[in-house]
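Here is what each chain is made of, one letter per residue.
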Amino acid sequence: MSAQSIHQKISALGQTLTDSESRLAQVMLDNVSQLASYSATELAELAGVSKATAVRFFKRLGYASFSELRLQARQSQDTASPLFLMMTGKYAENELSYVEQHAANEMRNLAQTFEQIEAQQLKQALQLMKQAEKVYVVGFRSSRHLAHYMWLLLSQIRSNVVLIPSQNGMHLTEELVDLSEHDLVLMMDYRRRVTLIEQIAAHAAMVNAKILRFTDLSATELSVPTQLTLRTWIRSTGMFDSYTAATSLINAVCTQLAVEQRELTQDRLNKIEQLHDHYQDLDL
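The rules behind the values
Residues numbered from 1 in each chain as written. Predicted model: local features only at pLDDT ≥ 70, side-chain atom pairs only at ≥ 80, totals over all residues. Heavy atoms only, no water. Salt bridge = Lys/Arg side-chain N within 4 Å of Asp/Glu carboxyl O. Helix = DSSP H or I, 4+ residues; strand = E, 2+ residues; numbered from the N terminus. Buried < 20%, exposed > 50% of the residue type's maximum accessible area, 1.4 Å probe, protein only. Pairing = 2+ DSSP bridges. Right-handed = clockwise from strand over helix to strand, strands pointing away. Axes fitted to C-alpha atoms, helices over the stretch in contact; angles between N-to-C directions. Parallel < 35°, antiparallel > 145°, perpendicular 65-115°, else oblique. Contact = heavy atoms within 4.5 Å. Nonpolar A, V, L, I, M, F, W, Y, C, P; charged D, E, K, R; others polar.

Caption draft 1: Region of interest: the pattern of salt bridges. Inspection of the entire model under this criterion finds 7 salt bridges. Residue aspartate 241 pairs with arginine 191 through a salt bridge whose shortest N-O separation is 2.9 Å. Highlighted residues: aspartate 241 in the loop between β5 (228-232) and α12 (244-260) and arginine 191 in the loop between β3 (184-189) and α11 (196-206), separated in sequence by 50 residues. Of the two residues examined, aspartate 241 and arginine 191, each falls in the buried class. For aspartate 267, the salt bridge identified is with lysine 271, shortest N-O distance 3.4 Å. Of this pair, aspartate 267 and lysine 271 both sit in helix α13 (residues 262-279), 4 residues apart, which is roughly one turn of that helix.

Caption draft 2: Here's a closer look at the pairing of strand β4 (residues 210-216). For β4, the buried fraction is high: 6 of the 7 residues fall into the buried class. As judged from the 6 bridges shared by β3 and β4, these two strands associate in the parallel manner. In the sheet register, leucine 184 faces β4, and the bridge partner there is lysine 210. The parallel pair β3 and β4 is bridged by α11, and the resulting crossover is right-handed.

Caption draft 3: Spatial organisation of the packing of helix α3 (residues 40-47) against helix α4 (residues 51-60). Axis separation between α3 and α4 bottoms out at 9 Å; the angle between their running directions is 110 degrees. Between α3 and α4, the interaxial angle falls into the category roughly perpendicular. Counted together, Ala40, Thr41, Leu43 and Ala44 of α3 and Lys51, Ala54 and Phe58 of α4 form the full contact between these two elements. Looking at the contact of α3 with α4 residue by residue, the classes come out as 5 nonpolar, 1 polar and 1 charged.

As far as function goes, none of this settles anything; it's purely spatial.
In structure tokens form, the structure reads like this:
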């Protein structure tokens, strides 16, 4: 694996971050494209922490000094804010070169995402999805289409998969009232995040349900522990975040789950095909 990015170093510390370190980490992630222009004192002030706290945190990340961190920030190809890119015009003027930039960026997002996800993490994700009595797939705003895609694939290979919110007129309280310790809350939690995610996570923790979270590199840890968090690159050459890597990861995880429980999958898909034949609802 290549040298860890600033995002990866912060992510690796996970739930060991103190409150002060979490604030500083968020400031760094929010300004990752401009880190080289800040001093350690300025970052500390933005986060509301002491300079000594900032210096200790940089060392926890593995940097001998803040100068070393700034050097990596200058050289880094890490995620930049799409809004920042839009404001600074950091993408091509002509159509052909922009398409080339876009394609290269999408391939980089895919490569970096799968490079930093360990095999053991994927195995853990599969176990959580297999063992759950019911899977609640949650997603709001820009995460909604990812949640819908996960729900669509999972529903073909296992039973008891619920999309939250379901848009059937019910309130979240009614949709989540049966959530229990036997279930999994599968969160699609990409920026810009909604506060409901924290509330749903707290509810899940209260009833001892498991939490599997898909998110981007800028996300800090939730206020309650999760069983597993999988992070994907969403860097864009334009003004909209890219979800190519997230979509690919969903596809890969669901495909592997289908393979691991091949007999159950085949039986369920056979029943689905029989119902398609019965209803004649597909143009074949």
